[in-house]
Amino acid sequence: METPSAAASFRRDLQPPALPILLGLLLSALCLRPGLGLYTVNTVYGDTIVLPCHLEVPNDLMFGKWKYEIANKASTFIAFRSATKKTVQYDDVPEYKDRLSLSENYTLSISNARIGDEKKFVCMLITENNILEQATIVKVFKQPSQPEITNRAMFLETERLKMLGECITKDGYPQGNLTWFKNGIVLQPVEGAVVINEQTNVAKASGLFTVISSLEYKPMKDDTNAQFTCTVTYFAPTGQETIRSESVVFDIHYPTEKVTIEVLSERNTIKEGDNITLKCSGNGNPPPQEFLFYIPGESEPIRGSSHYILTDVRRNATGEYKCSLTDGSLKDSTTITVHYLDLSLSPSGEVIKQIGEALPVSCTISSSRNATVFWLKDNTRMRTSPSFSSLQYQDAGNYICETTLQEVEGLKKSQILTLIVQGKPQIKMSKRTGPDGSHKIIACHVEGFPKPVVQWTMSGGAINKTEETRFANGKFISKIEIAPEENVTVTCIAENHLERAVISMNVSAISFREPDEPEEKNGDSRENANDQTKLIVGIVVGLLLAVLVAGVAYGLYMKKSKSASKHVDKDLGNTEENKKLEENNHKSEA
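Residues numbered from 1 in each chain as written. Predicted model: local features only at pLDDT ≥ 70, side-chain atom pairs only at ≥ 80, totals over all residues. Heavy atoms only, no water.

Visitor: When you look at the packing of aromatic side chains in this model, what are you seeing that I'm missing?
Guide: Each aromatic ring pair is summarised here by two numbers: the centre-to-centre distance and the angle between the ring planes. Under the defined criterion, the tally for this structure stands at 11 aromatic pairs. Ring geometry for Phe228 and Phe250: centres 5.6 Å apart, planes at 75°, overall edge-to-face. Pair noted here: Phe228 is in strand 17 (residues 227–236) and Phe250 is in the loop between strand 19 (248–249) and strand 20 (252–253), with a separation of 22 residues, a long-range link. A single burial state applies to Phe228 and to Phe250, both of which are buried. Centre to centre, the rings of Phe293 and Tyr308 are 5.6 Å apart; their planes meet at 25°, and the pair counts as stacked. Residue Phe293 is located in strand 24 (residues 291–294), and its partner Tyr308 is located in strand 26 (residues 307–310); the two are separated by 15 residues in the primary sequence. Its relative accessible area of 0% is what places Phe293 among the buried residues. An aromatic cluster is defined as three or more aromatic residues linked by ring pairs; in this entry it consists of Tyr68, Tyr96 and Phe121. Looking at Lys162, its charged tip hangs above the ring of Phe155, at a distance of 4.0 Å from the centre. Here Lys451 stacks its cationic end above the ring of Phe476, 4.8 Å away from the centre of that ring. (Phe/Tyr/Trp six-rings, centres within 6.5 Å; stacked < 30°, edge-to-face > 60°. Helix = DSSP H or I, 4+ residues; strand = E, 2+ residues; numbered from the N terminus. Buried < 20%, exposed > 50% of the residue type's maximum accessible area, 1.4 Å probe, protein only. Lys NZ or Arg CZ within 6 Å of the ring centre and 35° of its normal.)

In structure tokens, the structure reads:
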């Protein structure tokens, strides 16, 4: 069923006598525009456009209509509402099909606003005597997409004008303006350095704008890490707005202007045996990957990467090291000092000397810096360096000469002298009576190195007990305890690989008390085995002669005093025994 046009409806609502008059008024209204001014409605693309009539509805209103006008074209009616029948009709205009709604107060609503809706719409209220009109201008706004920098250059080069990229924003209305920024500052065109070109595309179907701005740029070294952005400035219903793109940083290539050489080491100072690495670098971008290294002692430079390794360096590696670009330009140098420390101990190792000999000792130091030297004996620090003009047993031990360089971590040297002082055995004897008087203690004082082996012999009986003190500084004491029932001769024999020493002592029976001999007052008695034997024989012969001379008298005396001798005072007996020992000692000394 076809919908009647607004004109047909208009004719049906009028009586025949009034038709010519109303048609004349309508035609005059179409040709004449009352000066009532214009209203403007701003709307967002896709929203509903609401157009109030802005006219006071008269009491004798017959109907209201809406139309739009385009310059140089006839007006187009789009909606009709009867005031008497309360009916609404919409004209057959394809672009507004199913998009219009006309309310009772003659407000026109247009859904899904498009760019094509940007027109002048006119509200008409018609009475029997007049036609009232009020025009409204519709403005449509569409926010563009966020600008994006596309087609970006992989890198930029100093002193070269190159396409940096394109800033693009899409689907905006009205057309927006693009602006380039570097670090937040607007980029203005500069001949040969900043070139900006812009182009605009309009989508035929939607009427929306796509704006593209290209930037050619010649960077400087200072543009490293510079942030480039672009913005679109557009109009919205509320006024002017701006959208900024994401920032972009470009890799700026520039030539090397300076070469630097560095020494990489585990320590601040370098010593012999260390490994060191030379690192050569240039301040260009991209940095150079190959260099020439100039090494002391090498006639030609060595071509290599940015690192050159020296292993197990010696003192002759001290010198000036250089590196340069492969064309030999832009050199840099550094001086390397390889620290060293030498120590020479003379004599060193194990040294065997005889007691009383002299031994000169020297510790010589050679170093790259002043070194600290100190001595240790048996892990105890010495106040002075050792000096031996006459060696003694206490001089034996382990001597260490040690030196360090305080400024060089880990540089320390030492050597050891193991001094052995040897001597032939020297012995002396002493005796004393035990505290309870039941035994006698005989001591053999032994001196010598290597430690002599001590043996004891005793005429007329066995040795009950032996004891030795600790061997220190080539000395020790060997003791025995005896309880002789008659006079005996005790012999101490001390022997090492150098010699054998023998000493004997006469000891009276335990029944006689003889004065003790202080150990420290006994003289030295070092004799070989043959001399000792001769002494003993002489003593025995002397005693036999004395017996023969006094034989008769002694026999008579013994007969008379046999019974009385059993009760002789012990001290008297000891006195006589001491006299006999003294006589024997005098004979042995002779």
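Structure shown, so let's carry the discussion forward.
Visitor: What is the right way to read the state of the cysteines from this model?
Guide: Covalent bonding between the sulfur atoms of two cysteines defines a disulfide. For the coordinates displayed, the defined rule picks out five disulfides. Note that Cys280 is cross-linked by a disulfide to Cys323, the S-S spacing being 1.9 Å. In this structure the cystine formed by Cys280 and Cys323 twists about its S-S bond by roughly 70°; its chirality is therefore right-handed. Of the two residues, Cys280 is situated in strand 23 (residues 276–282) and Cys323 in strand 27 (residues 319–324); the sequence distance between them amounts to 43 residues. (Disulfide = S-S within 2.5 Å.)

Visitor: Quick question: what am I supposed to make of the sheet that holds strand 15 (residues 194–202) here?
Guide: What links the strands of a sheet is backbone hydrogen bonding, and the strands pair in either a parallel or an antiparallel sense. Spatial strand order, 10-12-16-15: four strands in an open sheet with antiparallel pairing. With partners counted over all chains shown, the strands left at the sheet margins are strand 10 (148–150) and strand 15, one partner each. Ignoring strand direction, the axes of neighbouring strands in this sheet form an average angle of 25°. (Pairing = 2+ DSSP bridges. Axes fitted to C-alpha atoms, helices over the stretch in contact; angles between N-to-C directions.)

Visitor: Is there a simple way to explain the sheet that holds strand 24 in this structure?
Guide: The antiparallel open sheet is built from four strands, whose spatial order is 25-24-27-28. A single partner strand is all that each edge strand has here, and the edge strands are strand 25 (302–304) and strand 28 (332–336). Each adjacent strand pair in this sheet contributes to an overall mean axis angle of 25°, direction not counted. Where strand 24 and strand 27 come together, three bridges link them in antiparallel fashion. Its bridge partner lying in strand 27, Leu292 is registered against Ser324.

Visitor: Is there a simple way to think about unusual backbone geometry in this case?
Guide: Note on backbone geometry: most residues besides glycine have negative phi, and most peptide bonds are trans. The step from Ser346 to Pro347 runs through a cis peptide bond, and the omega angle for that step is -10°. Relative to the helices and strands, Pro347 resides in the loop between strand 30 (341–346) and strand 31 (349–354). Phi is positive for Asn112, which is not a glycine, with a value near 50°. The topology assignment puts Asn112 in the loop between strand 7 (108–110) and strand 8 (120–127).

Visitor: Would you explain the pattern of salt bridges in this entry?
Guide: As a working rule, side chains carrying opposite charge can pair if their charged atoms are close by. One pass over the full model with this rule turns up 18 salt bridges. Lys67 is the partner of Glu133 in a salt bridge, and the nearest nitrogen-oxygen pair spans 3.6 Å. Note that Glu133 is positioned in strand 9 (residues 131–141) and Lys67 in strand 3 (residues 61–69), a separation of 66 residues in sequence. (Salt bridge = Lys/Arg side-chain N within 4 Å of Asp/Glu carboxyl O.)

Visitor: Would you mind going over the side chain of Ser478 with me for this structure?
Guide: By secondary structure assignment, the location of Ser478 is in strand 40 (residues 475–482). Within the local environment of Ser478, its side chain forms a polar contact with the side chain of Trp456, the two groups lying 2.9 Å apart. Sequence-distant contacts of Ser478, that is, excluding residues within four places in its chain, are made with Ile442, Ala443, Cys444, Val454, Trp456, Glu467 and Glu468. (Polar contact = N/O pair within 3.5 Å; in protein donor to acceptor, adjacent residues only side chain to side chain. Contact = heavy atoms within 4.5 Å.)

Visitor: Whenever I open this one, the nonpolar core confuses me. Can you help?
Guide: Most often, soluble globular proteins keep nonpolar side chains buried together rather than apart. Core analysis: the biggest nonpolar cluster contains 28 residues, and Leu51, Trp66, Ile78, Tyr96, Leu108, Ile110 and Phe121 have the highest contact counts within it. Those elements that provide at least two residues to this core are strand 2 (49–51), strand 3, strand 4 (76–82), strand 6 (100–102), strand 7, strand 8 and strand 9. Ignoring sequence-local partners within four residues, the contact set of Ile110 consists of Asp47, Thr48, Ile49, Leu51, Tyr96, Arg99, Leu100, Asp117 and Phe121. Ala193, Tyr217, Val232 and Ala236 belong to the second-largest nonpolar core, a separate cluster that totals 24 residues. (Core = buried A, V, L, I, M, F, W, Y, C linked by side-chain atoms within 4.5 Å.)

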